[in-house]
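# Observations on the model geometry
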Amino acid sequence: MGSYLLNKFKDKQNCSSNGFTLLELLVSVVIISILAAISIPSWLAFVDTQRLNTAQNEVYLAIRQAQSQATKNKLTWQVSFREQNDIVQWAVHQATVNPVNAIWNNLDPNVRLDAETSLQQSNDVRHIEFDDKGNIRKPPLGRITLSSKSGGKAKRCVYISTILGAMRTAKENDKPDNGGKYCY
C-alpha cells in the first residue's frame, strides 16, 4: 500500500507542472507591447481626424444657420468665431447684437483655429454677415480652417466662396495651393 501512495503522489506532482513558462509569458508581453506601440499612434490620429470632422460639420451648420435666419427674419445675421480660454467658440446672432452679448457654443477643446483662417477679424472675433436674402453682406469672402492642438497634418476647412453665400468644405492636401495654403 505504501508504494501505491508514493506513485499516486508522484503522479500529482507531474500533473501540477502544467501552465506557461516565464519565457513564454515574456514573449507574449513583448509581442503585445510591440502591437500596442504600432497601433496607438494610428488610433490617436484617427480620433483627432474624427474630432476635426465633427468640428467642421458644426462650423458649416452654424454658417448655414446664420444664412437661414437672415432670410427667414429678413434681417442681417452673422456667425462669429473666437478663441476664448484656448477653446474655439461660435455664435449665431443678429448683426446688430454685440458679439460679446451673443450666446457662444464651444467646439471640441482639442480643436484650434488654424493660421489659414481668413475671415475678417475685429476685436478678436472673426465673422461673416448675411443680408436679408442670404447673401454675403460685406465681402471679402473667406474660410475657417481647423486643426488639431496635438499637431499633425490634418486640417478641415469651410469656405464661403461666393457673395451669394455658397459654401463648401475641404480638407488638407499634400501640396499647397498658389497661396501656400494646404486646406483647399
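Residues numbered from 1 in each chain as written. Predicted model: local features only at pLDDT ≥ 70, side-chain atom pairs only at ≥ 80, totals over all residues. Heavy atoms only, no water.

## Looking at the sheet that holds strand β8 (residues 155-160)
Here we have four strands laid out as an open sheet, ordered β4-β7-β8-β9, and antiparallel in their pairing. Strand pairing shows two members of the sheet lacking a second neighbour, β4 (111-113) and β9 (167-171), which therefore form its edges. The average angle at which neighbouring strand axes cross in this sheet is 25°, direction not considered. Both β4 and strand β7 (residues 142-148) contribute to a ladder of three bridges, which runs antiparallel. Bridged to V111 within β7 is S148. In this fold helix α2 (residues 22-73) packs onto β4, β7, β8 and β9, with an angle of close to 15° to the strand it touches most, β8. (Pairing = 2+ DSSP bridges. Helix = DSSP H or I, 4+ residues; strand = E, 2+ residues; numbered from the N terminus. Axes fitted to C-alpha atoms, helices over the stretch in contact; angles between N-to-C directions. Contact = heavy atoms within 4.5 Å.)

## Overview of the sheet that holds strand β2 (residues 87-94)
Adjacent strands of a sheet form backbone hydrogen bonds with each other and so pair up, either parallel or antiparallel. As summarised here, the arrangement of the five strands in space is β3-β2-β1-β6-β5, forming an open sheet in which the pairing is antiparallel. Each edge of the open sheet carries a strand with a single partner, namely β3 (105-106) and β5 (121-122). Of the strand pairs in this sheet, strand β1 (residues 77-84) and β2 are connected by eight bridges, and their pairing is antiparallel. The partner of R82 across the bridge, within β2, is Q89.

## Side note on empty space enclosed by the protein
To locate leftover empty space, one rolls a probe as large as a water molecule over the atoms. Tallying each qualifying case throughout the model produces one cavity of 30 Å³ or more. Considered as a void within the structure, the largest cavity measures approximately 50 Å³ in volume. Looking at the lining of the largest cavity residue by residue, the class counts come to three nonpolar, two polar and two charged. (1 Å grid on protein atoms, 1.4 Å probe; cavity = no way out; pocket = protein on both sides within 12 Å on 5 of 7 lines; lining within 4 Å. Points joined across faces, edges and corners; volume = space filled by probe spheres on them. Nonpolar A, V, L, I, M, F, W, Y, C, P; charged D, E, K, R; others polar.)

## Some remarks on the environment of V111
Tracing the sequence through the fold places V111 in strand β4. Sequence-distant contacts of V111, defined by excluding residues within four places in its chain, comprise R51, L52, A55, V88, L146, S147 and K149.

## Thoughts on the packing of aromatic side chains
Counted according to the given criterion, the structure contains one aromatic pair. Note that R168 overlies the ring of Y159, its terminal NZ or CZ placed 4.1 Å from the centroid. (Phe/Tyr/Trp six-rings, centres within 6.5 Å; stacked < 30°, edge-to-face > 60°. Lys NZ or Arg CZ within 6 Å of the ring centre and 35° of its normal.)

## A look at the side chain of H93
In this fold, H93 is placed in strand β2. Of the residues examined, H93 reaches a relative accessible area of 4% and is grouped as buried. A distance of 3.5 Å separates a polar atom in the side chain of H93 from the backbone oxygen of V97. If we ignore the near neighbours within four places in the chain, the residues touching H93 are W77, Q78, S80, P99 and A102. (Buried < 20%, exposed > 50% of the residue type's maximum accessible area, 1.4 Å probe, protein only. Polar contact = N/O pair within 3.5 Å; in protein donor to acceptor, adjacent residues only side chain to side chain.)

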